Amino acid sequence: MTRNKELWIELVGAALEQLVKDKGLDAGSFAPEQLQTEVPPNPELGDLAFPMFPFAKVFRSAPPAIAEAVVELLPEEHRSAVTTAGGYLNIRFNRAGLVQETLKAVQEQGEAYGSSKAGAGVRVMIEFSCPNTNKPLHLGHLRNDALGESTARILSFAGADVRKVNLINDRGVHICKSMLAYLKFGNGATPESSGLKSDHFVGDYYVRYNQWAAEDPSAEPAAKEMLRAWEQGDPETLELWKLMNKWAIDGIWETYRRTHVSFDAVYYESETYLLGKAEVLKGLASGAFYQDPDNSVWADLSDIDLDKKVLLRSDGTSLYLTQDIGTAITRHNDWPFDRMVYVVASEQIYHFKVLFHVIKKLGHDWAANLHHLSYGMVNLPEGKMKSREGTVVDADKLLDELTELAAGEIREKAREDAVGDVRATAEKIALGALHYYLLQTTPNKDMIFNPEASLAFSGNTGPYLQYTGARISSMLAKAQAQGYRLDAEFDAGELNLDSEWDLVRRIAEFPSLVAAAAENYNPSALTGYLYELAKSFSGYYHDVPVLQAGTEEQRAARIALCVAVRRTLANGLQLIGVPFLESM
RNA sequence: GCGCCCGUAGCUCAGCUGGAUAGAGCGUCGGACUUCGAAUCCGCAGGUCACAGGUUCGAAUCCUGUCGGGCGUACCA
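Residues numbered from 1 in each chain as written. Chains lettered and ligands numbered in written order. Predicted model: local features only at pLDDT ≥ 70, side-chain atom pairs only at ≥ 80, totals over all residues. Heavy atoms only, no water.

Trainee: Requested: an account of the protein's contact with RNA strand B, with residues and values cited.
Mentor: Around RNA strand B, the surrounding shell holds 60 residues, and the nearest of these are Tyr 88, Asp 294, Arg 313, Tyr 541 and Val 544. Backbone polar atom of Tyr 320 to a phosphate oxygen of RNA strand B: 2.9 Å apart, as the coordinates give it. The backbone of Met 584 places a nitrogen or oxygen atom 2.8 Å from a base nitrogen of RNA strand B. Of all elements in the fold, only strand 3 (88–91), helix 15 (395–412), strand 13 (447–448), helix 19 (462–481) and helix 21 (524–543) reach the threshold of two or more residues within the surface near RNA strand B. Examining the composition of the surface near RNA strand B, we find that seven residues originate from one element, helix 19, more than from any other. Partitioning the surface near RNA strand B into residue classes produces 28 nonpolar, 16 polar and 16 charged. (Near = heavy atom within 4 Å. Polar contact = N/O pair within 3.5 Å; in protein donor to acceptor, adjacent residues only side chain to side chain. Helix = DSSP H or I, 4+ residues; strand = E, 2+ residues; numbered from the N terminus. Nonpolar A, V, L, I, M, F, W, Y, C, P; charged D, E, K, R; others polar.)

Below is the structure:
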């Protein structure tokens, strides 16, 4: 497909250069780079279009006339593929050749179809999730996780050497709050004794603390006092901290497993929070930063039109920004990356702008390769999620509800026997619905999470894609049962329906879509693509018999097409965290 | 106040580096299961692309301004 495009760009470019000569114009009045291409809005017009409007002025002639003139200048043997319409020059590709080429490529590459070596050797570190250990994951984390995991898979598929990292926020006054409430109200209970998932168990004490603090002014200073004890290494405090952190982290990891999220390295803030201080002092020594009379250390950011920023408090202690400086430098030493992506909500845009600049001021050129993949807030139809009003959507609970609903759907359709393990299948459908819903929206934008819509399994949803895959699978299984091979030779010339060309065209586009998604860190480019692929196939499936095709040759070719659709769909779904299902 | 982001159908969202009649899903209404899975397919209706200027042969897309919404602007994280 790309090769065809390039061939035509060359041909048309040469024709235009010839036209320049014929008209006796300056050679500089046309440069091949000016040539633009697009896809005609209607397939009947062709497969590739060149607008001639930009050249009207140069040639002092109307675009349609230029188009006609260009056709005359094209090599004889290529002219039959060209038509003109308005100011456009439309090209129709040799479809049979492309069909053959595309389906072969899928057949040969299999699970690797769509991958590339474009990013080969590029080391990308991607940080995401970064939970607190005082409460379970909620809907906001789910968007973060989906984005991070998916982006990592896409980058990796595009050839990069990817390292996924998590930074657990396991220290600070908010952690002490749940510990304090546990001491005061826990009576030695454990997750086991109370029958709760361990991170929820911890989270309940955090809620309990806030209730208590609302009535009792002594709660706040007690929490601060506990933090002080923790920082001084008080054994009892540390022991409780370890216990409750383990509960929280174990529970959080259960949710990761459930959502198919994983990490290559995990950093703990309790181990990294002191790292930045030395770097900041180095910066002070080198003159990158300055010190106030009260001993606080500052960065002057007027060179990027920002104010100034504290890097060390007057008592010498670190801040959030300080830690991030240290963590970044440590990570770059641990695993020298070419690029680093931080998947963090858009509220922190300013923070990262400052962080990257400060790292640059410290003399690290790689600061230019740091990227904040910022994503918008997840809101509810009623408005923002508010923990105080209890409207925060809990991740586990949401997954349970989705799973229950999917299981109900399976039972209602009497598919229990066909799917085998109802629970496991329902869980995968739930995950498909959730991830697709979260990745559908452009990362940058805020989104509204409508629980009812996310629970829907029809229309533009994850389960729709899964269903399409399941139907193809079921049909192909039937084909095999009837003795047909899925990797048999076929004659591409048998696939001459417009609907078949439409499918092939989309399949052929897949690799470039993956590459674009990788380049822009944007999984939503794939969700839209996969939906259209599935929709196109659903129409085909409805209208065109495959197993009952008119001839053996036709059947073989159509089976090959279905195999390629399924492969592309499966590879794409993997990238957006939607489990592929043989049966549902 | 200043900075960043967003504003497309009743609702939720697409719309690639500007290009041919602005697209989906949901919802409404109406069709299609003796046929490879109806979690499907097909059709009808629904738009001043927030508003006003500008650049361009051509603007939802780029620039400026206005209005509306979100976020940020801590010796919090």
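Trainee: Tell me what's going on with the domain arrangement of chain A, and back it up with residues and numbers.
Mentor: Split into domains, chain A comes out as domain 1 (2–93), domain 2 (123–270 + 321–379) and domain 3 (275–317). Relative placement of domain 1 and domain 3: their C-alpha centres are 59 Å apart. (Domains from an automatic or database assignment.)

Trainee: Describe the sheet that holds strand 5 (residues 161–168), with residues and values.
Mentor: A sheet is described by the order of its strands in space; here five strands give the open sequence 6-5-4-10-11, paired in parallel fashion. Each edge of the sheet is formed by a strand with only one pairing partner; in this case those strands are strand 6 (265–268) and strand 11 (370–375). The mean angle between the axes of side-by-side strands here comes to 25°, regardless of whether they run parallel or antiparallel. Both strand 10 (residues 339–345) and strand 11 contribute to a ladder of six bridges, which runs parallel. Following the sheet pairing, Tyr 342 is matched in strand 11 by His 372. Against the sheet, helix 14 (residues 349–361) touches strand 10 and strand 11, its axis set at about 180° to strand 11. (Pairing = 2+ DSSP bridges. Axes fitted to C-alpha atoms, helices over the stretch in contact; angles between N-to-C directions. Contact = heavy atoms within 4.5 Å.)

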